[in-house]
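Overview (structure and organization)
Listed here are the chains, written in short residue letters.
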Amino acid sequence: MRDFAGTPGTLTGLFLRMAQCFFAAGSIASMVTSKNFFNVTAFCYLIASMALQVIWSIGLAFLDAYFLAKKKAFHNHVLLSLFVVGDWCTAILTLAAAASSAGITVLYFHDLGSCSFGEECTKYQLSVAFSFLSWIMISISSLIMFWIWAAG
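Residues numbered from 1 in each chain as written. Predicted model: local features only at pLDDT ≥ 70, side-chain atom pairs only at ≥ 80, totals over all residues. Heavy atoms only, no water.

A few words on the overall build of the chain. When you go through the chain residue by residue, the secondary structure sums to 4 helices and 0 strands. Each helix (α) and strand (β) of the chain, taken in turn from the N terminus, gives the series α-α-α-α. Principal-axis analysis of the C-alpha atoms places the extent of the chain at approximately 55 × 25 × 20 Å. Restricting to contacts in the chain with at least 6 residues of sequence separation, those with at least 24 account for 80%. Taking the 7 positively charged and 6 negatively charged side chains of the chain as two groups, their mean positions are separated by 14 Å. (Helix = DSSP H or I, 4+ residues; strand = E, 2+ residues; numbered from the N terminus. Contact = heavy atoms within 4.5 Å. Lys, Arg positive; Asp, Glu negative; His and termini not counted. Charge placed at Lys NZ, Arg CZ, Asp CG, Glu CD.)

Here you go:
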């Protein structure tokens, strides 16, 4: 099996995992610094989804770093199946959380005329933006992992 960009155990694979973790952590940090996020269910779901994303991404980033240190590619078909399922599940959860939170944010800014929460609205927007960036990274990773799994 040929190694290409994003394959586990490559530098680009490690970069994708670290970017997922960074953007998910940024989303959590931005949302948690606001006072009233817990009053909106979609924002609570975003925090839970991003927390799962951080745990999943950092775990696979450590695995990528281990394979980089050993200078080996990762081609275990059974574990690869687990990672494909995990990546697709976290990608779907991340997209659902980002989209629902974006819907609430659009409701606050455009449909209600203006956001009455002041500075917190900017934090909500920043959190949603980070969650979409995290979703872009996990979707790239999940497609690469599926491609590797299907080729194996």
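If you check helix α2 (residues 41-70), its first and last C-alpha atoms are 44 Å apart, about what 30 residues at 1.5 Å a residue would give, namely 44 Å. For α2, the complete set of buried residues consists of A42, F43, L46, I47, S49, M50, Q53, S57, L60, A61, D64 and F67. Just past α2, the residue K71 takes up positive phi, approximately 55°. (Expected span 1.5 Å × (residues − 1). Buried < 20%, exposed > 50% of the residue type's maximum accessible area, 1.4 Å probe, protein only.)

Attention shifts here to the packing of helix α1 (residues 11-32) against helix α4 (residues 119-151). Where α1 contacts α4, the two axes come as close as 8 Å, and the packing angle between them is 160°. In terms of orientation, α1 lies roughly antiparallel with respect to α4. α4 is crossed by α1, and the crossing has left-handed handedness. (Axes fitted to C-alpha atoms, helices over the stretch in contact; angles between N-to-C directions. Parallel < 35°, antiparallel > 145°, perpendicular 65-115°, else oblique. Left-handed = near helix turned anticlockwise from the far one by under 90°.)

Attention now goes to the packing of α2 against α4. Helices that pack against each other are described as a pair by the angle of their axes relative to one another and the distance between those axes. Between α2 and α4, the least distance of the axes is 11 Å, while the angle of their chain directions is 40°. Viewed along their axes, α2 and α4 adopt a mutual orientation that is oblique. α2 and α4 meet at a crossing whose hand is left-handed. Touching F43, L46, M50 and Q53 of α2 are Y124, S127, S131, S134 and I138, all from α4.

Moving on to a nonpolar patch on the surface. A contiguous nonpolar patch, built from W88, I92, L143, F146 and W149 and spanning about 490 Å² of accessible area, is present on the exposed surface. Secondary structure elements with two or more residues in the nonpolar patch: α3 (77-111) and α4. Broken down by element, the nonpolar patch gets its largest block of residues, 3 residues, from α4. Following the sequence through the fold, F146 ends up in helix α4. (Patch = residues over 30% accessible without salt bridge, like charges linked within 9 Å, V, L, I, M, F, W, Y side chains within 5 Å. Areas by Shrake-Rupley, 256 points an atom, 1.4 Å probe, with all protein chains shown as cover. Salt bridge = Lys/Arg side-chain N within 4 Å of Asp/Glu carboxyl O.)

It is worth spelling out the UniProt feature "transmembrane region" (unreviewed entry) in the chain at this point. Taking the UniProt record as the reference, the feature "transmembrane region" (unreviewed entry) is found at residues 40-67, 79-109 and 129-150. Secondary structure over residues 40-67 splits into 96% helix and 0% strand, and the C-alpha atoms at its two ends are 41 Å apart. Between the end C-alpha atoms of residues 79-109 the distance is 44 Å, and the span holds 100% helix and 0% strand. (UniProt positions renumbered as here; feature names shortened; annotations may be inferred.)

In this structure, F74, L80, F83, M137 and M145 are the most contacted members of the largest nonpolar core, which totals 13 residues. Broken down by secondary-structure element, the contributors of at least two residues to this core are α1, α2, α3 and α4. If near-sequence neighbours (up to four positions away) are discounted, F83 is found in contact with W56, L60, L63, F74 and M145. Membership of the second largest hydrophobic core comes to 12 residues, among which are F37, I47, A97 and Y124. (Core = buried A, V, L, I, M, F, W, Y, C linked by side-chain atoms within 4.5 Å.)

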